[in-house]
Structures are given as structure tokens and as C-alpha cells.
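Here are the chains, one letter per residue:
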Amino acid sequence: MAQNIAPLTIDPDPLAPYAIAPGWRVGDLLFLSGQAAIDEAGAIVGIGDFEAQLAQTFANIDRVLAAGESSRDRIVKVTIYLTDMGNFPAMVEARKRYFAPPWPADTIVEVKSLALPELMVEIDVIAVVG
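Calculation rules
- Residues numbered from 1 in each chain as written.
- Predicted model: local features only at pLDDT ≥ 70, side-chain atom pairs only at ≥ 80, totals over all residues.
- Heavy atoms only, no water.
- Salt bridge = Lys/Arg side-chain N within 4 Å of Asp/Glu carboxyl O.
- Helix = DSSP H or I, 4+ residues; strand = E, 2+ residues; numbered from the N terminus.
- Pairing = 2+ DSSP bridges.
- Right-handed = clockwise from strand over helix to strand, strands pointing away.

Engineer: I'd love a proper account of the pattern of salt bridges, names of residues and values included.
Structural biologist: Inspection of every chain in the model, using the stated rule, returns seven salt bridges. Among the ionic pairs, lysine 96 bridges to glutamate 93, the shortest N-O distance being 3.3 Å. You can see lysine 96 and its partner glutamate 93 sitting in helix α2 (residues 88–98), three residues apart, about one turn around the helix. When the shortest N-O distance is used, the salt bridge between arginine 95 and aspartate 106 registers 2.7 Å. Residue arginine 95 is located in helix α2, and its partner aspartate 106 is located in strand β5 (residues 105–110); the two are separated by eleven residues in the primary sequence. Here the residues in one salt-bridge network are Arg25, Asp28 and Glu69, joined through shared partners.

What follows is the structure in C-alpha cells.
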């Protein structure tokens, strides 16, 4: 691969069993795979608890960003997938806890389900390195 394109690696990698890279660095941009409430051992965290799932999801985002030499304050775009749009108000409040102005660009969609039926939220990220 070209020097300016490389997969991100984390160890342990809970996405490896699913044949998914945690993310990719392309030049000075990071493209993270959707992160959800799956811990480093591959176990689902916070079944039935939206706030617990958000906390694990953002911990995973932080971990992959660090592997790409970035951090949450360098996120420019998020896409948030909710299995219940009833959690939209909680997600708006969570954005205020997990991000600071200037806010990242954001898309939120409701989906019928995520990869594992117990998951309530998944977030994918585009960030700048540095």
C-alpha cells in the first residue's frame, strides 16, 4: 500500500473476528469503522442501558483515535446509528458531554438493528490526525 494509506491497529482488537479493520489512515484523515458497546474482549457492554453503551462506544472511539495519533477533539464528522429514535434526546445531551465546540458535523439515523441485536448505538467517525 502507499505510504499515506494504512490500516489502524489496536491490540486486542475486538473487531478482528468480524474481519473489520478498526479504521484507516488516509493522508491526514482517519476513517474509523463503526464503534459500538463491545469491550476489548469482544463482550457487549450495557445490554439495555443506553448510557452505558454510549460510554463504551466513546471509549472505543478514543482508543482507535489514539492508535491513529488523533483524539476526540480532532473529529470532524460523525454518523450515529440508533436502533430507537426515542434515544435522540439522550444522544443530543451526550454530544454536549463527549464533544466541545466547534461541534463535529453529524448525521443521525434510526436503523432497524445493528450487527448484534443487543447493540443500541453505533458511531462511525472521520477525524484529522494530530
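Engineer: Any details on the pairing of strand β4 (residues 75–82)? Residues and values, ideally.
Structural biologist: Note: β4 against strand β6 (residues 121–128), seven bridges, orientation antiparallel. Looking at β6, one finds that threonine 79 is bridged to aspartate 124. Here six bridges tie β4 to β5, and the two strands are oriented parallel to one another. The residue of β5 that forms the bridge with valine 78 is aspartate 106. What joins β4 to β5 is α2, and the crossover it makes is right-handed.

Geometric values such as these leave the question of function open.
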